[in-house]
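Here is how the chains run, residue by residue.
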Amino acid sequence: SGKPTKDIASLCSPDVIQTDTICYFLKPDGAETFPQLVSRGQSILDQIYSKHKQQIQEDENCNVLLVAHGDIGKMIYAAYYKLEWEMVLRQFHFGNSDMLVLSECTQAEDAHVLKFQQYNL
């Protein structure tokens, strides 16, 4: 938009979710919405499973590393654990260098295993 991030809340209100670190605007002109991101996140998970299905079935220790930006990373997390996207936006900040573990052995609340405090200024 070319506008400062500090102005998001006032420019996009009431269609925002404000957290301690980020103000998410929910109806971006010409951009994906969060429900669309969750759908794309599920598509990514389906592609990973399809591509690695045999290895996953044969080896319980099969791991796939996926690197993603924060918003799509959180929506992949939401899709994997079948969580509401609005709750996930409020749940935690997923920043640069943070890590999520998506695993049948990991509960959703324990998935954010590596965290660095960051802020968008």
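It should be noted that the structure appears before, not after, this text.
This report concerns the structure included in the present document. This one's a predicted model, so the numbers in the text were calculated from it and none came from an experiment.

This paragraph deals with the packing of aromatic side chains. Counted by the stated rule, this structure contains five aromatic pairs. Relative to Phe34, the ring of Tyr24 has its centre 5.6 Å away and its plane inclined at 85°; by these criteria the two rings are edge-to-face. Pair noted here: Tyr24 is in strand β2 (residues 23-25) and Phe34 is in helix α2 (residues 34-58), with a separation of 10 residues, a long-range link. Judged by its relative accessible area of 4%, Tyr24 falls in the buried class. In this structure Phe34 comes out as buried when scored by relative accessible area, which is 7%. For the ring pair Tyr77 and Phe92, a centre distance of 5.1 Å and an interplane angle of 85° mean the geometry is edge-to-face. With Tyr77 in helix α3 (residues 70-81) and Phe92 in the loop between α4 (85-91) and β3 (99-100), this pair connects stretches of sequence that are 15 residues apart. By the burial criterion, Tyr77 is buried, and Phe92 matches it. One aromatic cluster in this structure is built from Tyr77, Tyr80, Tyr81 and Phe92. Here Lys74 stacks its cationic end above the ring of Phe92, 5.1 Å away from the centre of that ring.

Here is what the cut-offs are and how they apply
- Starting afresh in each chain, residues are numbered from 1 along the sequence in its written order.
- Where local features are concerned, this predicted model is filtered to residues with pLDDT of at least 70; where side-chain atom pairs are given and counted, the filter is 80 or more; whole-chain, interface and lining totals use all residues.
- Values reported for side chains reflect all heavy atoms of the structure, with hydrogen atoms and water molecules removed beforehand.
- Stacked, tilted and edge-to-face are the three classes assigned to paired rings of Phe, Tyr and Trp, where Trp is represented by its six-membered ring and a pair needs centres within 6.5 Å; plane angles under 30 degrees give stacked, over 60 edge-to-face, the rest tilted.
- Working definition: helices are DSSP H or I runs of at least four residues, strands are E runs of at least two. Numbering for both runs from the N terminus.
- Only protein chains enter the accessibility calculation, which uses a 1.4 Å probe; a residue whose area is less than 20% of its type maximum is buried, one above 50% is exposed, and one in between is partly exposed.
- Any Lys NZ or Arg CZ found within 6 Å of a ring centre and within 35 degrees of that ring's normal is scored as a charge over the ring.

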